[in-house]
Amino acid sequence: MNRPPRDFHPLLRVVHWLMAAMVLAMLFIGVGMVSTTGPAYTKLLELHRPVGIAILILVLLRLPLRLATGSPPLPGDLPPMQVLAAKGSHVLLYASMAAMPLIGWAMLAAGGYPVELFSGLILPPIAPHDLRLYAMLRQAHTVIAVLFFALILAHLCAALFHGLVRKDGVLRSMTVGTPPSQPELPQGGGEVPHFDLYPHADDPEVPATQPKADE
Amino acid sequence: MSTRKPAPPGPLLVIGGIAAVLVLAFLWAAGWIGPRRISGGDVTRALEYNTGKPQPGFRRAHAKGLCLSGSFTANGAGSEVSTAQAFEPGTYPVIGRFSVAGGNPLATDGRNVFHSMALLLNTPDGQEWRMAMDHTPIFPVSNAAGFIALQRASRPDPATGKPDPARMKALIAEYPSVKAFQDYLAKAVLPSSFANATYYAINAFTMTDDTGQTRVVRWQFNPETPLSGLDKAHLDSLPRDALFLEMIARTARGPSRWHLILTIANPGDRTDSATVAWSGAHRTIDAGVLTVDKVMPEEVGACRDLNFDPTILPTGIGLSDDPLLAARSKVYSSSFQRRAGEGPHPSAVGGDLAKDPADKESAR
């Protein structure tokens, strides 16, 4: 491919939504299980470890795919701060997805626990048995979980803002993709005049102005 | 942005609504809004309240302990009910901990309270079987709410050293099982040694055999050492660390042994309450012999930095419907998390060790 793709690679989109469901579920399972001494605790804990490791495996497959297939260019009229926020948040999302399972795994090892995924499958320890380290990682697991949830909320709100307010094709690039009938995007520069090309550009709510080159 | 019209309110409301629903759902899942639930912290706080004085770095319950190590030699009989490798003929390494109840790591041994043995059994398949057992076949309460009520009501009055009788009366009115337990404890023999006590699993568990059949099982470790009791009328005169020092001296002379006895539930046995003993004739299996041949202060033993969570079980052994199991697991974890962050402190038995810098160094 010698031109930037208009959408994320279809496989990447599938993995994105699969992981979105798993990560959100994990955050809810995590805060839920540590909140109770009821029977839900052991049941949720049984889910938490294998789903966490599944997320780690998926992110290790997803990252190379993302690096190999790239990402569609952001709309040219996006203010630089928003571009920075978009790119920075994506790095943090990937970092969180990889870090949380690794911290969870290392934390159990540091606490001297067997890291049992499901009956009979026990992972090797990836950290020394050390209670100070356990306490630190255990704390980090909670703090990063809450920050991760906040980050996901911001990511979701931004995606919906692109999809519902700006209608600039960003949300579509991670969902159904750009319809093949769409004209080719112009090349070169960061400035891509999206709005007037799209069928809903006549929507009075959508700004149809061309972005200024120096904006 | 100057060329952009203000964003339309409709879509913004939709976005805000979705975010608000997610935040509320998250808060609900975390237990910060919605019905009150009992957290691990609630129980550890109740234990800390009962102890009276903060004891940083120690287990919130059974703070006073001694590490043990040895082995379990299975005779193969247990394989009849469970596929756990621990039941296949062979000898497997064991570490563990003897302890007495309470949150005070320097408490006297002269108290009519739980004498306990925790074990961690390793098998070559990489699996672990952790156990935390007491010398009584029954537990005073069946769930976390009862346990909190018990810890709060039974806090010793600083003036008398005994719980407030009025609070205990109110507790027993609500939790009659506490009375049954007190009655049992009052007439049962209080073992004179860690070596001659029978240790009970407290809860029912499930065991699954190689045909897939699952049975509810309780287990206990029966000592080969004949039982003798402490003089309950003169517990006050017992030296502070009598039980621990006795076990250290005894183990220096030779190992102590227990038989692991599995008791298979009869139809109709209560499986969901640790307050109810199984009565009448039961099928039992002698699955093998536990040998304890070393004991060490926590400073040098392997037991201090472990959580003897009784829900860490090998394949072939599982949880029953007893709600106390999940509660124990969560509370042990909360206690473990707290003491891990506080750092270790010298144990009663290791106190002398701490005074000798050379030994202290070797303990690290």
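This text follows the structure it describes.
Residues numbered from 1 in each chain as written. Chains lettered and ligands numbered in written order. Predicted model: local features only at pLDDT ≥ 70, side-chain atom pairs only at ≥ 80, totals over all residues. Heavy atoms only, no water.

**Regarding the overall build of chain A**
For the record, the criterion: Helix numbering and strand numbering both begin at the N terminus, where a helix is a DSSP run of H or I of at least 4 residues and a strand a DSSP run of E of at least 2. A 1.4 Å probe rolled over the protein chains alone gives each residue an accessible area, and that area as a share of the maximum for its type sets the label: buried under 20%, exposed over 50%, partly exposed in between. The contact definition used throughout considers only heavy atoms, calling two residues in contact when any of these lie within 4.5 Å. The method behind every accessible area is Shrake-Rupley, applied with a 1.4 Å probe, and residues are considered shielded solely by the protein chains displayed.
If you tally the helices and strands in chain A, you get four helices and two strands. Counting helices and strands in the order they occur from the N terminus, chain A gives α-α-α-β-β-α. Sorting the 215 residues of chain A into buried and exposed places 47% on the buried side. Long-range contacts, defined here as pairs at least 24 residues apart, represent 68% of the contacts in chain A between residues at least 6 apart. If you sum the accessible surface of chain A, you get close to 10600 Å²; carbon and sulfur atoms cover 72% of it.

**Quick notes on the overall build of chain B**
How we decide: Two residue types count as positive, namely Lys and Arg, and two as negative, namely Asp and Glu; His and chain ends fall outside the count. Positions of charges follow a simple convention, taking NZ of Lys, CZ of Arg, CG of Asp or CD of Glu.
For chain B, the helix and strand inventory stands at nine helices and 10 strands. Taking the principal axes of the C-alpha coordinates as reference, chain B spans close to 90 × 60 × 50 Å. Across chain B, the fraction of contacts at a sequence separation of at least 24, relative to all contacts at a separation of at least 6, is 75%. When the accessible surface of chain B is split by element, carbon and sulfur atoms take 59% of a total near 15600 Å². Taking the 37 positively charged and 34 negatively charged side chains of chain B as two groups, their mean positions are separated by 8 Å.

**Quick notes on the pattern of salt bridges**
Where charged atoms from two side chains of opposite charge approach closely, those side chains can pair. All names here are of chain B. Heads up, the rule is: For this analysis, a salt bridge means a side-chain nitrogen from Lys or Arg found within 4 Å of a carboxyl oxygen belonging to Asp or Glu.
Tallied over the entire structure, the rule returns 19 salt bridges over all chains. In this structure, Arg-59 engages Glu-298 in a salt bridge whose closest nitrogen and oxygen atoms are separated by 3.7 Å. Of the two residues, Arg-59 is situated in the loop between helix H2 (40-51) and strand E1 (64-74) and Glu-298 in the loop between strand E9 (283-296) and strand E10 (317-319); the sequence distance between them amounts to 239 residues. Across the pair, exposure class does not vary: Arg-59 and Glu-298 are buried alike. Across the salt bridge formed by Glu-128 and Arg-130, the nearest N and O atoms sit 2.7 Å from each other. Neither Glu-128 nor Arg-130 differs from the other in exposure class; each is buried.

**Examining the packing of H2 of chain B against helix H7 (residues 323-342) of chain B**
Residue and element names in this part refer to chain B. Note the cut-off: The angle between two axes is taken between their N-to-C directions and runs from 0 to 180 degrees, where each axis is a line fitted to C-alpha atoms and a helix contributes only its stretch in contact. These descriptions rest on fixed angle ranges, namely under 35 degrees for roughly parallel, over 145 for roughly antiparallel, 65 to 115 for roughly perpendicular, and the rest for oblique. The handedness criterion is simple: a crossing whose near helix is rotated anticlockwise from the far helix by less than a right angle is left-handed, and one whose near helix is rotated clockwise is right-handed. Three residue categories are used. Nonpolar comprises Ala, Val, Leu, Ile, Met, Phe, Trp, Tyr, Cys and Pro, charged comprises Asp, Glu, Lys and Arg, and polar comprises the others, including Gly.
Across the interface, H2 lies against H7 with an axial gap of 8 Å and an inter-helix angle of 70°. The orientation of H2 relative to H7 falls into the category roughly perpendicular. For the pair H2 and H7, the crossing hand works out as right-handed. Along its contact with H2, which presents Gly-40, Gly-41, Val-43, Thr-44, Arg-45, Leu-47 and Glu-48, the element H7 presents Lys-330, Val-331, Ser-334, Ser-335 and Arg-338. Residues belonging to the contact of H2 with H7 are distributed by class as follows: three nonpolar, five polar and four charged.

**Describing a nonpolar patch on the surface**
For the record, the criterion: The patches reported here contain residues having more than 30% relative accessible area and no salt bridge. Joining distances are 9 Å for like charges and 5 Å for nonpolar side chains (Val, Leu, Ile, Met, Phe, Trp, Tyr).
Together, Val-146 of chain A together with Leu-24, Trp-28, Trp-32 and Ile-33 of chain B give the surface a local cluster of nonpolar side chains, amounting to about 540 Å² of exposed area. Tracing the chain through its elements places Trp-28 of chain B in helix H1 (residues 9-29).

**Notes on the pairing of E9 of chain B**
The test is simple: Here, a strand pair is defined by DSSP locating no fewer than two bridges between the strands.
Relative to E9 of chain B, E1 of chain B runs antiparallel, the two being bridged by eight bridges. If you follow Thr-73 of chain B over to E9 of chain B, its bridge partner there is Val-289 of chain B.

**Here we look at helix H3 (residues 144-153) of chain B**
Residues and elements named next belong to chain B. In plain terms, the rule: Whenever a nitrogen or oxygen atom comes within 3.5 Å of another N or O atom, the pair is scored as a polar contact, on the condition that within protein one atom can donate a hydrogen and the other can accept it, and that pairs from neighbouring residues in sequence are kept only if both atoms are in side chains.
Taking burial as the measure, the 10 residues of H3 include seven buried ones, the bulk of the element. Packing partners of the buried residues in H3 comprise H2, helix H4 (165-174), helix H5 (176-187) and H7. Between the side-chain oxygen at the start of H3 and the backbone nitrogen of Ala-145 there is a gap of 3.3 Å, and the oxygen is on Asn-143.

**Topic: the state of the cysteines**
Residues and elements named next belong to chain B. Condition: When the sulfur atoms of two cysteines come within 2.5 Å, that pair is taken as a disulfide.
For the structure on display, the rule yields one disulfide over all chains. Here Cys-67 connects covalently by a disulfide to Cys-303, the sulfurs 2.0 Å from one another. Handedness here is read from the sign of the S-S torsion; for Cys-67 and Cys-303, about -80°, the answer is left-handed. On the criterion of sequence distance, the pair formed by Cys-67 in strand E1 and Cys-303 in the loop between E9 and E10 is long-range, its members being 236 residues apart.

**Some points on the environment of Thr-73 of chain B**
Residue and element names in this part refer to chain B. For Thr-73, the location among the structural elements is in strand E1. Using a relative accessible area of 33% as the deciding quantity, one classes Thr-73 as partly exposed. In contact with Thr-73, other than residues within four places in its own chain, are Gly-90, Thr-91, Ala-287, Gly-288 and Val-289. Of the polar contacts made by the side chain of Thr-73, one reaches the side chain of Thr-91; its length is 3.0 Å.

**Quick look at H2 of chain B**
All names here are of chain B. Rules: By this rule, a helix spans an expected 1.5 Å times one less than how many residues it contains.
Helix length check: H2 (12 residues) gives 17 Å between terminal C-alpha atoms against 16 Å at 1.5 Å per residue, within 8%. Those residues of H2 that sit buried are Gly-40, Gly-41, Asp-42, Val-43, Thr-44, Ala-46, Leu-47 and Asn-50. Those residues of H2 hidden inside the fold are in contact with H3 and H7.

**Looking at the packing of aromatic side chains**
To be explicit about the condition: Within 6.5 Å between ring centres, the rings of Phe, Tyr and Trp (the latter by its six-membered ring) count as paired, and their orientation is classed by plane angle as stacked under 30 degrees, edge-to-face over 60, tilted in between.
For the structure shown, the criterion picks out 17 aromatic pairs over all chains. Each ring, one from Tyr-134 of chain A and one from Phe-336 of chain B, has its centre 4.9 Å from the other, and the planes form 55°; the classification is tilted. With Tyr-134 of chain A in helix H4 (residues 131-166) and Phe-336 of chain B in helix H7, this residue pair bridges two chains. We classify Tyr-134 of chain A as buried; its relative accessible area is 2%.

**Details of the side chain of Ser-99 of chain B**
Residue and element names in this part refer to chain B. With respect to the element layout, Ser-99 can be found in strand E2 (residues 90-100). Judged by its relative accessible area of 4%, Ser-99 is buried. For Ser-99, the side chain forms a polar contact with the side chain of His-62, separated by 3.1 Å. Not counting chain neighbours up to four residues away, the residues in contact with Ser-99 comprise His-62, Lys-64, Gly-65, Phe-114, His-115, Ser-116, Phe-194 and Phe-244.

**Description of the nonpolar core**
To keep things clear, this is the line we draw: In these notes, a set of buried Ala, Val, Leu, Ile, Met, Phe, Trp, Tyr and Cys residues joined through side-chain atoms within 4.5 Å is what counts as a nonpolar core.
One finds Met-19, Val-23, Leu-27, Ile-55, Met-97, Tyr-134 and Phe-148 of chain A to be the most contacted residues of the largest nonpolar core, which totals 51 residues. Breaking this core down by element, the ones donating at least two residues are helix H1 (10-33), helix H2 (40-69), helix H3 (80-110), strand E1 (115-118) and H4 of chain A together with H1 and H7 of chain B. Top contributing element to this core by residue count: H3 of chain A, with 11 residues. Sequence-distant contacts of Ile-55 of chain A, defined by excluding residues within four places in its chain, comprise Met-19, Met-22, Val-23, Met-26, Met-97 and Pro-101 of chain A.

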